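The residues making up each chain are set out below.
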Amino acid sequence: MAEQNSGERRSLRTSVKGPLMFSAFWAVLAFFAVLIFASGGSAKAPRFDLAFTGAGIAFIVTLVIAAMLSMSYKDNAEHLGKGSGVNLSSRKPASSFGGHAAEPSSDADERGDIR
């Protein structure tokens with residue numbers, strides 16, 4: 001659960017205002033897009049019924065998605081930022097493809113291979 005302190009303002013992540021503004025933006029965008037494209041040209045009447053329906057659907061869908069994403073938010077564990085991965089240091093890059101130094105093999109010299 002999000003930490004709540006009485007009297008302090010909530011951050012945008014734990015506030016309700018952020019997802020509502022996000023959903024309202026996409027609802028307005030969907031309203032105008034449907035209003036323009038559903039009429040079928042400037043000679044015909046604009047379709048406000050379809051525009052309001054599209055705006056409502058866009059608002060609800062984006063609000064549900066934003067709520068699901070905000071509920072699934074979790075900070076990373078502290079040990080993940082300590083550099084415990086495979087490549088601990090990037091200062092000394094490998095000198096060849098396999099990560100091993102390119103040394104001539106003694107087998108090739110014994111067989112008489114030409115380099």
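Heads up: these notes are all about the structure in this document. (Residues numbered from 1 in each chain as written. Predicted model: local features only at pLDDT ≥ 70, side-chain atom pairs only at ≥ 80, totals over all residues. Heavy atoms only, no water.)

### Details of the overall build of the chain
What the chain contains, in helices and strands, is three helices and zero strands. Restricting the contact set of the chain to residue pairs at least 6 apart, pairs at least 24 apart contribute 46%. (Helix = DSSP H or I, 4+ residues; strand = E, 2+ residues; numbered from the N terminus. Contact = heavy atoms within 4.5 Å.)

### A look at helix H2 (residues 48-71)
Compared with an ideal rise of 1.5 Å per residue, which puts 24 residues at 34 Å, H2 spans 34 Å between its outermost C-alpha atoms and is within 8% of the ideal. Every buried residue of H2 is listed here: Ala51, Ala55, Ala58, Thr62 and Ala66. Those residues of H2 that are buried lie in contact with helix H1 (17-37). (Expected span 1.5 Å × (residues − 1). Buried < 20%, exposed > 50% of the residue type's maximum accessible area, 1.4 Å probe, protein only.)

### Let's talk about the packing of H1 against H2
H2 packs onto H1 with a crossing angle of 155 degrees between their chain directions and a minimal axis gap of 7 Å. As summarised for this structure, H1 and H2 are arranged roughly antiparallel, according to the angle between their axes. In this structure, the crossing between H1 and H2 has a hand that is right-handed. Each of Pro19, Leu20, Phe22, Ser23, Ala24, Trp26, Ala27, Ala30, Phe31, Val34 and Leu35 in H1 lies in contact with H2, whose residues at this interface are Phe48, Leu50, Ala51, Phe52, Gly54, Ala55, Ala58, Phe59, Thr62, Leu63 and Ala66. Here the contact of H1 with H2 is built from residues that sort into 19 nonpolar, three polar and no charged. (Axes fitted to C-alpha atoms, helices over the stretch in contact; angles between N-to-C directions. Parallel < 35°, antiparallel > 145°, perpendicular 65-115°, else oblique. Left-handed = near helix turned anticlockwise from the far one by under 90°. Nonpolar A, V, L, I, M, F, W, Y, C, P; charged D, E, K, R; others polar.)

### A few points about the nonpolar core
Core analysis: the largest hydrophobic core is formed by five residues, namely Ala27, Phe31, Leu35, Ala51 and Ala55. Breaking this core down by element, the ones donating at least two residues are H1 and H2. In terms of residue count, H1 provides more of this core than any other element does, three residues in total. (Core = buried A, V, L, I, M, F, W, Y, C linked by side-chain atoms within 4.5 Å.)

### Examining the packing of aromatic side chains
Under the defined criterion, the tally for this structure stands at four aromatic pairs. Residues Phe31 and Phe32 carry aromatic rings whose centres are separated by 5.3 Å and whose planes lie at 80 degrees to one another, so their mutual orientation is edge-to-face. Its relative accessible area of 46% is what places Phe32 among the partly exposed residues. Ring pairing ties together the aromatic residues Phe22, Phe25 and Trp26, which thus form one cluster. (Phe/Tyr/Trp six-rings, centres within 6.5 Å; stacked < 30°, edge-to-face > 60°.)

Function-wise, these values are silent; they only describe arrangement.
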